[in-house]
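Observations on the three-dimensional arrangement
Next come the chains, spelled out residue by residue.
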Amino acid sequence: MTSLAHQLKRLALPQTDPNLLTRKEVASLLFDPKDAASMDRSTFYALGCTGLEELLGIEPAFQEFQESLFSRASLTLERSVQSREVNERLDAAVALFLARLCPYFLLKPAHKCIEWLVHRFHIQRYSPDTLLGCALPYHDTTVFVRVLQLLHLRESSSRWSWLLPLQKAGVPLSRGALVSHCCSDLSFMDFICSLVTKSIQAYSGVTGSSSQLRVVFSFYASSLVSSLESAEKLSDAVIGKLLPFIHKGLSSPLPDYTASSYMLVCQLAVKEVLEGRLVEALCSSVCRSLLRDQRLLKEGLGCLTVLLQSQGACPGNKALGVLVSVPLLVSSLQEMCVSHDVSPLLKHLMPHLLHQLLTCSPGESQTELSVLESVLQNLPLTHGLDQTVARLLLDEYLSQSDVSAEHLSSRDRTLQPLIRLFESRYCGALDDVLAGHVTGVGSSDQKRLFHRFLSLSMSSGKHQIVGDSDTSLLLSLKHPQCVLRVSALTHLKDALTCGQQSLDAAFLRDAVVERLQDDEPAVAAAAIAVLELLLDVLDPEDVVSSLLSLLLRGRLSHADTWLPVLKEAVRLLSDPRLGKGDAERLQRAGWRLLPLIVLSSPADLPLSSCLTCSPLLKNHPLTLTWEQELEALMKTSSDPDFLVSVNERFISTVTRNISGMEKFCRRDALEKLSALVEKQKGPSLGARTSFLVLTRVLLLVLGEQSETQHLLTAQRVFLLLERPLLEVCSDDNTSSSVETQKGYSFSTALSHFLLDQQAFRSVLVALLRDFISNLRCPDEAFKAEVWWNPEKLDTNTCCYLSLTLRLFSLLISGASEGPSAAAFRDLMKLLIQVHFPSPLLLFRFLSLLWGYGGNHGDQLDIQVGAVLQTRALYLGAALLTNQSDATLQELSSARSPVFPSLLCCLSSPVREVRRAGLSALQSLSAVSTSPFQPITEKLLKTSEEIIADPAYLSQALGFLQGQSASPLQTLLQSVQTSCCPSYSASCLLRNLRHVHGSSVLSGLLPVLERLLEQSGPGAPPLLRDEAQLVLLVLGKFSEESASLLDQDQSSLDLFIRALKTPTQLHPDLPSCQTAALEQMTKPFFSSLGEGVQQRLLTVIFGVLTDSRSPLVASTVSSVFKRIAVDGQQLANELAPPEKPKVKVTVQQTRRSRMSQRKPVEAPGGSEAPEEGAVCWRRVSLVLELLQHKKKLKRAQSLVPVLFSLLHRSLEPWSL
């Protein structure tokens, strides 16, 4: 377009547009332009009036337009011939109508009204901005596209020319495009901001609610916030364009408009760094809006917090003064701090409140005082704000040097409750600030004000200056100089005596407890003196714990200076006031003092005597008469063995007192004594001596206990001895002592130990020797059994075997290497002599140990590792070489567990275990008459292969089946016996996995029958090894043993029983039913007779019909696919049962058929099976299996049966 044409276009009036005079196409929102051209004016008028009436039912504000835009006169009004004034009034009316119509733009009545305005007043030509402003909040709808297509946007000078691509494509305006254009075109941003003001003006004075304008406010806020967020940098022009509208919103009475402004302020704050004056102005506007209207109090406070957090500038005293006057300020902040951080706001608010409180007169700061008190009481001061407030509070107070005494006293009365409130919540912060100012106060006025400030706090005493030290009580208590610490405690004692202390209980407790742990006796003695004054104030449990800690720590130091301190601690522990509220507290303290009575050196005697004479131990149930015993022994204090004699007499006294108790009291005392011994850890002489002496007491009491209590106590004693003995075994730094090798008694070993701590090993060995001798078997009857089966033994016997196994593990570990090997070998001999005196018992025990590593149940609560198993095998090999021929004959017999247990070791995954097992088997091979001799010879010939491959054993046994089956049958007798552990039987069957046949299966059927009986309903669940044994026995149903099912009915019944057992025997293993189905291989099924095949097919199809498990269905399907089935067998399964033949008349037959149409319900509610009825579920499942069967013998035999089923299915009563 040329320049002249462009100028003429701008000068042309809309009414001169030739398109207004043509009738081929007419602009329309609702209709096609060609269809709209054929419609008359009255139709459009009626449509517009209908829409207006519908809108009046929603919003009465449209009433005034009935007489203007929708009046009868508008039918004949032709605005192209009207004057400029008339057109201007018409444009104003249209703008007002569209502004009010904007909230209802998506409604159909609004579309009807716009249709009339477009048709009659051509608003798409005369008022395009107003029309588009009405539709712009709905820019992502198709109605907006229809409005956009009404406009003329081809001129590049149009402000809406950027929407031309959308007009052509007919797609809505996306939010991203809107936001992008808003960032780049300030006039468009101004247009959006003006929409809000025009909408507010349109509804002002018409209605009292602003709910209609929420869509406009939402569009305004979301568009501008997104634009600010997406902009890379905000220019001053953008900020200047927004600020007037933000201030209008903050001063507006409409809460939605105010909320929009809050959002814009937050977005500006996080996007750009604003000038300080602008931040102050925004804060002031936000605070005034909060004071004017509290409906958006939380939102406004959040906006203020974000603004201060992101900008860091001060909001100004004016804004903070307004904020303090806002009602419900603190309660709103309290709700906000639950999920948000309000510390940026409090960071500026708290200094303002403190400054106003301390600079204004008391009458002028009541509001600040109430707000400050409420903040301290209800809001948390985080991120170091508590330190800041404490420092400001002190600094502001110390700055009042020129305040009169009268004003200062009045201010103190105001501040005292406030300071104490702050101290109650943030005591640590106030203490840190006060402690930092103690040495920094210079002038006398500052000192006077500082002491005055201290008097206002509850804990002013802790910051008072002690004597002439220029140090506060708090710092003096922690001073590096001992004299100052004692002086501080003396000052504290004097203050407590005079009753002038102003210290809280927590400070007193912490101060005294900390000084009780002091390394200087003088300080600890002063702390005890203060503690005695606080017995009625402090928690007795804390006092007892602190004094006990002092006594246990003071025992380590044999300095004479500590003895008076420890005696004072013992005297204070005996104070009756400590027993108030808990009568057993002092008795528990007496238990903890028992180790201190044990003498490890002559320096322990004074403290031990003091403890013995104290009421705590004089009345203790374990130390009754010990005072008299010790007095008698003191006469021989010059004896060189005095310490040993005292400890021996102490042991006998405690043992006698425990033995004289009642049963339940004795059990409780043993539990407490065992727990006390466990705490005697550490390398010190005193701790080790207490451990040895008290353990000796437990050992002496052990022999007097009943069976169960004896074993429980034995377990605790062994746990006490096991840890230090294992440390002794692993300690290679010290050489073997003569005392250890000689095996002295406990008294002699203890005497050597008190002279030389290197003899600690010898005392432990002596205790272990006594333990082995005192341990009793609860019931000797199990030793007569050939197999010692932990799965069948009672709890006491399992506990006994567990102890012997752990003893064996400890002794064989110590006997293998180390400085005490000789002593541990002697102990091993003692263990064998006492508990396994005969070779048969010993090898039954070793057989248990050899095979226990494969046990998943762990009834003995012990882990038999490869190292222990290897050592036990080598020990067994060495012992076998020294046995007589008769003993070897017995050990290698068919009933003996030795050979089967060794065979289990030969399949171990650890090479050294297999090597040790072959060594033991070599020692056993000397018996030529053993029933296992062929197996032994075969295995020894292939020893290298067995050592190299753990799976070779099963192959070797499989090869042996073809040569000689009788040794394998003898081996299976071990599996058959009920006393054989299931884990050993499972291991044997895994090794015999290549051995099959009818004789093998026949020998294992009793095992299967017994285990299936045990897994019946109501019975306890099987062990994992027992369940594994069931699966292994089922694995023997193979092609080689299939003939047994034809010959022996019981074997077939057992297999069918397994097929019908759906329960899972163990969570980690497949069910018995699934395992039995998996054995139905093609060779196995083909080896069966036709009768057995038919019966198994019946059972399989019954299992499929009754089961609802997908796994069973999948397994049956795979079984049916792989086995070879005859068509006649399937015909027998599918053949419908014959109906009973009864002679009846035709009428009776008809009545019978009609009655059979109705299902007959059984008493339980389900359909009762009818005689001669077909089980269609079974038929359907079998036919589905048959559909996937690729090969079928004599398939033609199925045709008659299938036709019969088809005929039965067509009968009306059949389904």
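Please read all numbers here as calculations on a predicted model, not as lab measurements.

Attention shifts here to helix α11 (residues 186-203). Along its 18 residues, α11 runs 26 Å from first to last C-alpha, staying within 8% of the 26 Å computed at 1.5 Å per residue. Within α11, the full set of buried residues consists of Phe188, Met189, Phe191, Ile192, Cys193, Ser194, Leu195, Val196, Ser199, Ala202 and Tyr203. On the buried face of α11, the contacting elements are α4 (84-101), α7 (128-135), α10 (175-184), α12 (214-230), α13 (236-251) and α14 (255-271). Positive phi appears at Gly205, one or two residues downstream of α11, with a value of about 80°.

Let us now look at the packing of aromatic side chains. Each aromatic ring pair is described using two quantities: the centre-to-centre distance and the angle formed by the ring planes. In the structure shown here, the tally under the stated rule is 28 aromatic pairs. For the pair Trp626 and Phe650, a centre-to-centre distance of 5.3 Å together with 70° between the ring planes defines the contact as edge-to-face. With a gap of 24 residues between them, Trp626 in helix α34 (residues 626-633) and Phe650 in helix α35 (residues 642-659) connect regions that are remote in the sequence. Classification of Phe650 by relative accessible area gives buried; the value is 2%. An aromatic cluster of three or more residues is present, and its members are Phe782, Trp788, Tyr800, Phe808, Phe836 and Phe845. Between Arg688 and the ring centre of Phe760, over which it is positioned, the NZ or CZ distance is 4.2 Å. The ring of Phe1120 carries Lys1189 above its face, with NZ or CZ at 5.3 Å from the centroid.

What follows covers the environment of Arg914. Mapped onto the fold, Arg914 is located in helix α48 (residues 911-924). Residue classification places Arg914 among the buried residues on the basis of a relative accessible area of 2%. When the C-alpha positions of Arg914 and Ser943 are compared, they lie 9.1 Å apart, and in sequence the two are 29 residues distant. The residues contacting Arg914, other than those within four sequence positions of it, are Cys905, Leu906, Ser908, Pro909, Ile946, Ile947, Ala948, Asp949 and Pro950. Polar side-chain contacts of Arg914 include one of 2.6 Å to the backbone oxygen of Ser908.

The subject of this paragraph is the pattern of salt bridges. Taken as a whole, this structure holds 33 salt bridges when the rule is applied. Residue Glu541 pairs with Arg585 through a salt bridge whose shortest N-O separation is 3.1 Å. Of this pair, Glu541 sits in helix α29 (residues 540-554) while Arg585 sits in helix α31 (residues 585-597), and the two are 44 residues apart along the sequence. On the basis of relative accessibility, which here comes to 35%, the residue Glu541 falls in the partly exposed class. Taking relative accessible area as the criterion, Arg585 reaches 8% and is therefore assigned buried. As a salt-bridge pair, Arg1057 and Glu1013 come within 3.1 Å of each other at their nearest N and O atoms. Of this pair, Arg1057 sits in helix α57 (residues 1049-1059) while Glu1013 sits in helix α54 (residues 998-1014), placing them 44 residues apart in sequence. The structure contains a network of salt bridges with shared partners spanning Glu532, Glu568 and Arg571.

So, on to a nonpolar patch on the surface. On the surface, a nonpolar cluster with roughly 440 Å² of combined accessible area is contributed by Val1199, Phe1203, Leu1206 and Leu1210. Residue classification places Leu1206 among the partly exposed positions, given a relative accessible area of 47%.

Ranked by size, the top nonpolar core spans 244 residues in total, and within it Leu768, Phe771 and Phe808 carry the most contacts. Per-element tally for this core: the top contributor is helix α42 (residues 795-816), with 12 residues. By size, the runner-up hydrophobic cluster in this structure holds 149 residues, among which are Cys49, Val324, Leu353 and Ala390.

Attention now moves to the packing of helix α20 (residues 366-378) against helix α22 (residues 405-425). Relative to each other, α20 and α22 sit at 15°, their axes nearing to 9 Å. Taken together, the axes of α20 and α22 are roughly parallel relative to one another. Both α20 and α22 take part in a crossing whose hand is left-handed. Taken together, the residues of α22 that come into contact with α20 (itself represented by Leu369, Leu372, Glu373, Val375, Leu376, Gln377 and Asn378) are Thr414, Leu418, Leu421, Phe422 and Arg425. Considered class by class, the residues forming the contact of α20 with α22 number seven nonpolar, three polar and two charged.

Definitions and limits used
Residues numbered from 1 in each chain as written. Predicted model: local features only at pLDDT ≥ 70, side-chain atom pairs only at ≥ 80, totals over all residues. Heavy atoms only, no water. Helix = DSSP H or I, 4+ residues; strand = E, 2+ residues; numbered from the N terminus. Expected span 1.5 Å × (residues − 1). Buried < 20%, exposed > 50% of the residue type's maximum accessible area, 1.4 Å probe, protein only. Contact = heavy atoms within 4.5 Å. Phe/Tyr/Trp six-rings, centres within 6.5 Å; stacked < 30°, edge-to-face > 60°. Lys NZ or Arg CZ within 6 Å of the ring centre and 35° of its normal. Polar contact = N/O pair within 3.5 Å; in protein donor to acceptor, adjacent residues only side chain to side chain. Salt bridge = Lys/Arg side-chain N within 4 Å of Asp/Glu carboxyl O. Patch = residues over 30% accessible without salt bridge, like charges linked within 9 Å, V, L, I, M, F, W, Y side chains within 5 Å. Areas by Shrake-Rupley, 256 points an atom, 1.4 Å probe, with all protein chains shown as cover. Core = buried A, V, L, I, M, F, W, Y, C linked by side-chain atoms within 4.5 Å. Axes fitted to C-alpha atoms, helices over the stretch in contact; angles between N-to-C directions. Parallel < 35°, antiparallel > 145°, perpendicular 65-115°, else oblique. Left-handed = near helix turned anticlockwise from the far one by under 90°. Nonpolar A, V, L, I, M, F, W, Y, C, P; charged D, E, K, R; others polar.

That is the geometry; function is a separate question.
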